[in-house]
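Here are the chains, one letter per residue:
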Amino acid sequence: MLTESEAEQSYLGQFIPLQYHHSMLMDANRMDNFKAAIDHVVFPGAKVLELGGGTGVLSWFAAGKAAKVYCVEMNLEMVTEARKLLAKNPNGDKVHVIHANAFEYLPPEPVDVMICEMIHVAMLREKQVELVESFKRRYLEKFGGPLPIMIPTDSMVTKCDQPWFRSALSSESV
Ligand SMILES: C[S@@+](CC[C@H](N)C(=O)[O-])C[C@H]1O[C@@H](n2cnc3c(N)ncnc32)[C@H](O)[C@@H]1O
């Protein structure tokens, strides 16, 4: 019998089995759009934090321009895989993979960009909103403002000209 905490952590969207990462990586629409958003907001020399890094691929995209990327992943199997993959790729040394719970982790210094993709199919049992809200509260307590630019939310706002869309999202993300 699982404890309540163990049951919570085994939900899909919390601990995604390795094979699901293959599907995410093979989804060109997903990967191309995340890469475009990251390229759009990460500037040369930026400090970046990713919460829920998985294979580390989004952190690696950021490392193309960033000076340093903190990549937080709670699943030890994924931490090991991410470190192996990053070691084989250029700029991988700029990504620091940290085995930690994103609900508790904060970087040792302020960051310019925060990436978090924990959105689950049909938004079932996903922790995206809860985690981003927790991050914002803890980050402001530790560093004060400003908050980093957040992907996906802020990049959607900057790319979308619809006023209703902009106002609906910007009040939540900034
Ligand atoms: C949807 S996957 C995205 C992985 C990667 N960012 C990508 O885009 O390919 C979400 C990742 O968040 C991790 N995760 C879930 N809950 C977490 C938590 N509380 N702390 C850190 N990582 C977590 C999962 O293990 C999984 O690797």
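Our structure's up above, just so we're on the same page.
Okay, so let's go over this structure. Keep in mind it's a predicted model, so treat the numbers as computed, not measured. Every chain's residues receive numbers from 1 upward, in the order its sequence appears when written. Where totals are concerned, whole chains, interfaces and linings use all residues; where local detail is concerned, this predicted model gives features only for residues with pLDDT of at least 70, and gives and counts side-chain atom pairs only at 80 or more.

**A few points about the environment of Ile-16**
Okay, so step 1: By the criteria applied, helices consist of DSSP H or I runs no shorter than four residues and strands consist of E runs no shorter than two, each listed in order from the N terminus. As for its position among the elements, Ile-16 is in the loop between helix H1 (4–10) and helix H2 (18–26).
Okay, so step 2: Sequence-wise, Ile-16 and Asn-75 are 59 residues apart; in three dimensions their C-alpha atoms are separated by 8.4 Å.

**Considerations on the site of the ligand**
Okay, so step 1: Note on definitions: a residue is near a molecule or strand provided its C-beta atom, placed from the backbone, lies within 6 Å of it. Close to the ligand lie 20 residues; Gly-52, Gly-54, Met-74, Asn-75 and Ala-102 are nearest.
Okay, so step 2: Put simply, the parts of the chain that give the shell around the ligand at least two residues each are helix H4 (57–63) and strand S2 (68–73).
Okay, so step 3: Residue classes follow a fixed rule: Ala, Val, Leu, Ile, Met, Phe, Trp, Tyr, Cys and Pro count as nonpolar, while Asp, Glu, Lys and Arg count as charged, and any other residue, Gly among them, counts as polar. Among the residues forming the shell around the ligand, the class breakdown is 11 nonpolar, seven polar and two charged.

**Structural notes on the nonpolar core**
Okay, so step 1: A set of buried residues drawn from Ala, Val, Leu, Ile, Met, Phe, Trp, Tyr and Cys, joined through C-beta atoms within 7 Å, is what defines a nonpolar core. Each residue is classified by how many other C-beta atoms fall within 10 Å of its C-beta atom, where C-beta atoms are placed from the backbone; a count of 20 or more means buried, 12 or fewer means exposed, and values in between mean partly exposed. Formed by 37 residues in total, the largest nonpolar core has its most connected members in Ile-38, Val-48, Ala-62, Val-69, Val-113, Met-114 and Ile-115.
Okay, so step 2: With six residues, the top contributor of residues to this core is H4.
Okay, so step 3: When neighbours within four sequence positions are excluded, Ala-62 is seen to be in contact with Ile-38, Val-42, Val-48, Val-69, Val-113 and Ile-115. In this description, a residue-residue contact is defined by the distance between C-beta atoms placed from the backbone, which must lie within 7 Å.

Shape is all these values report; function is a separate question.
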